[in-house]
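Here are the chains, one letter per residue:
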Amino acid sequence: FGQSFPVQSGASVNFVCNSGYQLVGSTYADCRIDFTWSYPLPTCRALCLANSRRYDLQSTSPGIATDMILVVDQSRSMGREIQWLKDIIPTLNTRLASLNIGTTPGCPNQYAVVGYGRGAPGETGRLFRSSSGNSLFRFEEYASAVATLQEDQSGRIEDGYEAMSFALDNIPLRTSTRSCSVARNLMLLTDEDRDRGRLGRSITTSVMRQRLSASQVTLNVIVDNAFTVDGVRGIGRTSSQGFRQPTDPQSCYRSSSNVQSQAGYGNTLSNYTNMALGLGGGAWDILQLRNTNIRDAMSCAIVNVKVDEISREFQTCNICDCSSDGTERCVPASGAQREECYCGRSEGIWRNGACITPTTRK
């Protein structure tokens, strides 16, 4: 196939496929007197590797993208984390693009940045706009938007609820259309628990949860809260999985269903961690992020888990098994198999009920 050569009327042509492919259709065809073929030309279909398994994503929309709001505590102790945030978003955007998220024309990923904790009278949040003046902007404008984002030495009141409410009030998140499905996300980054600001006293935990839920926003928090995974200190968790530094040197993190949240700093557990988990997001230990021996593992976990979280909203993961005769059968993953499927799509290895993710994803 793929080669052109002259055939005379009345000649017969035999077809074969290369090794690893199966012929579909007739194995021969005659050239008629009117120079048409007696049978439709066959095709060659790739055979799968016997007794192998692969993972396949199918999108439910022509285009998939995310609107991601980054809400950042700018108090004086947050300098290292602010720099980390500037560095990690390019990695996140690249991983999203690898799964065709934000790559469809007219359906790009967009970001927004809100700072808080500066202590100015009546200030509940501060927008960091792109060079073009937009509060919600494409990744290409991200560097210009965060150029002036830094810690503030006069931070006093750190009310994450006020800042999140400010973000929802002032950032025009997109609505999904037939051609572009948008996953709405908010990531809160702070090392303080919630201080109730002057305006935030009316924003109870219930009110904040309802606002995020009504806005269809998934919440992730990087806060001062510890987690135990497989009996050791972890780096973060979702509602069903915990994540910790790996013992396998070929991995950047390890996941497990054996996870517990510990008491966080002040009211962090009740106000931030439990809300994020209840809204389908994740919670991460900011003190582990400050550990230089663990930071790479944590960055890798946050990026991969966040990408999978966005992917699951609008993509179905199929498990495709190849039988001994080379035929393949694909079925949508369900239940516990979903974790295995998304692990495989992240180029991880599913072993003993846990995802071992390779270091190539750092």
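Residues numbered from 1 in each chain as written. Predicted model: local features only at pLDDT ≥ 70, side-chain atom pairs only at ≥ 80, totals over all residues. Heavy atoms only, no water.

Asker: An account of the sheet that holds strand E5 (residues 53-59) is needed here, citing residue identities and associated values.
Answerer: Across the sheet, three strands lie side by side as E5-E21-E22; this open sheet has antiparallel pairing. Of all the strands in the sheet, the pair left with one neighbour each is E5 and strand E22 (328-332). The mean angle between the axes of side-by-side strands here comes to 30 degrees, regardless of whether they run parallel or antiparallel. As paired strands, E5 and strand E21 (residues 315-322) are joined by seven bridges and run antiparallel to one another. Counterpart to Asp56 in the pairing with E21 is Asn318. (Pairing = 2+ DSSP bridges. Helix = DSSP H or I, 4+ residues; strand = E, 2+ residues; numbered from the N terminus. Axes fitted to C-alpha atoms, helices over the stretch in contact; angles between N-to-C directions.)

Asker: Which residues make up the pairing of strand E9 (residues 110-116), and what are the values?
Answerer: When you tally the buried positions in E9, you get seven out of seven residues, the bulk of the element. Residues of E9 alternate between two faces, with Gln110, Ala112, Val114 and Tyr116 on one and Tyr111, Val113 and Gly115 on the opposite face, all of them buried. The pairing of strand E6 (residues 64-73) with E9 spans seven bridges and is classified as parallel. What sits directly across from Val72, in E9, is Gly115. Note: E9 against strand E10 (residues 126-128), three bridges, orientation antiparallel. Opposite Val113, over in E10, you have Phe128 as the bridge partner. (Buried < 20%, exposed > 50% of the residue type's maximum accessible area, 1.4 Å probe, protein only.)

Asker: Lay out the packing of aromatic side chains in plain terms, naming residues and giving numbers.
Answerer: Aromatic ring pairs are defined here through the distance separating the ring centres and the angle between the ring planes. A full pass over the atoms with the stated rule returns six aromatic pairs. Judged by centre distance (6.0 Å) and plane angle (70 degrees), the ring pair of Tyr161 and Tyr272 falls under edge-to-face. Taken together, the residues Tyr161 in helix H3 (residues 160-170) and Tyr272 in helix H5 (residues 268-278) connect sequence positions 111 residues apart. As far as the burial class goes, Tyr161 and Tyr272 line up, both buried. (Phe/Tyr/Trp six-rings, centres within 6.5 Å; stacked < 30°, edge-to-face > 60°.)

Asker: I'd like a description of the state of the cysteines, backed by residues and values.
Answerer: Under the criterion given, the structure shown has three disulfides. Disulfide partner of Cys107: Cys180, at an S-S distance of 2.1 Å. Its torsion about the S-S bond being 75 degrees, the disulfide of Cys107 and Cys180 is classed as right-handed. Of this pair, Cys107 sits in strand E8 (residues 107-108) while Cys180 sits in the loop between H3 and strand E12 (181-189), and the two are 73 residues apart along the sequence. (Disulfide = S-S within 2.5 Å.)

Asker: Explain H3 to me, using residue names and the numbers behind them.
Answerer: Residues three or four positions apart in an α-helix share a direction because the helix packs 3.6 residues into each turn. Burial runs high along H3: nine of the eleven residues are buried. The complete set of buried residues in H3 reads Gly160, Tyr161, Glu162, Ala163, Met164, Ser165, Phe166, Ala167 and Leu168. Of the residues that open H3, the one with a side-chain oxygen 3.0 Å from the backbone nitrogen of Tyr161 is Asp159. (Polar contact = N/O pair within 3.5 Å; in protein donor to acceptor, adjacent residues only side chain to side chain.)

Asker: Tell me about empty space enclosed by the protein, and name the residues and values.
Answerer: If you walk through the whole model with that rule in mind, you get one cavity of 30 Å³ or more. Around the largest cavity, the lining residues are Trp84, Ile88, Ile89, Leu92, Met187, Ile302, Val303 and Lys306. For the lining of the largest cavity, the element with the highest residue contribution is helix H1 (residues 79-98), accounting for four residues. When its residues are assigned to classes, the lining of the largest cavity shows seven nonpolar, no polar and one charged. (1 Å grid on protein atoms, 1.4 Å probe; cavity = no way out; pocket = protein on both sides within 12 Å on 5 of 7 lines; lining within 4 Å. Points joined across faces, edges and corners; volume = space filled by probe spheres on them. Nonpolar A, V, L, I, M, F, W, Y, C, P; charged D, E, K, R; others polar.)

Asker: Describe the sheet that holds strand E14 (residues 227-229), with residues and values.
Answerer: Strands sit in the order E15-E14-E19 across an open sheet of three strands; the sheet is antiparallel. For this open sheet the edge positions go to strand E15 (232-233) and strand E19 (259-261), each flanked by a neighbour on one side alone. Here three bridges tie E14 to E19, and the two strands are oriented antiparallel to one another. When the sheet's bridge partners are listed, Thr228 is paired in E19 with Gln260.

Asker: Break down unusual backbone geometry for me, with residues and values.
Answerer: Its identity as a non-glycine residue notwithstanding, Phe35 has a phi of 65 degrees, on the positive side. Considering the arrangement of structural elements, one finds Phe35 in the loop between strand E3 (28-30) and strand E4 (43-46). One non-glycine residue with positive phi stands out, namely Asn100, at about 60 degrees. Following the sequence through the fold, Asn100 ends up in the loop between H1 and strand E7 (103-104).

Asker: How would you summarise the nonpolar core if you had to cite specific residues and measurements?
Answerer: Of all hydrophobic cores here, the largest spans 50 residues; its most connected members are Tyr142, Ile222 and Trp284. Per-element tally for this core: the top contributor is helix H7 (residues 295-314), with nine residues. When residues no more than four places from it in sequence are discounted, the contact partners of Tyr142 are Leu70, Leu85, Lys86, Ile89, Pro90, Tyr111, Val113 and Phe137. Leu212, Leu219, Val223 and Leu277 belong to the second-largest nonpolar core, a separate cluster that totals 31 residues. (Core = buried A, V, L, I, M, F, W, Y, C linked by side-chain atoms within 4.5 Å. Contact = heavy atoms within 4.5 Å.)

Asker: Which residues make up the packing of H3 against helix H4 (residues 205-214), and what values go with them?
Answerer: A pair of packed helices can be characterised by two numbers: the angle between their axes and the separation between those axes. Taken N-terminus to C-terminus, the directions of H3 and H4 make an angle of 30 degrees; their axes are 11 Å apart at the nearest point. The angle between H3 and H4 falls in the class roughly parallel. H4 is crossed by H3, and the crossing has left-handed handedness. From H3, Tyr161, Met164, Ser165, Leu168 and Asp169 reach across to H4, where they touch Thr205, Met208, Arg211 and Leu212. When grouped by side-chain class, the residues that make up the contact of H3 with H4 number five nonpolar, two polar and two charged. (Parallel < 35°, antiparallel > 145°, perpendicular 65-115°, else oblique. Left-handed = near helix turned anticlockwise from the far one by under 90°.)

Asker: Can you lay out the packing of H4 against H5 for me, pointing to particular residues and giving the numbers?
Answerer: Where H4 meets H5, the closest approach of the two axes is 11 Å, and the angle between their N-to-C directions is 25 degrees. In terms of their interaxial angle, H4 and H5 are classed as roughly parallel. For the pair H4 and H5, the crossing hand works out as right-handed. Along the contact surface, H4 presents Thr205, Met208, Arg209 and Leu212, while H5 presents Ser270, Asn271 and Met275.

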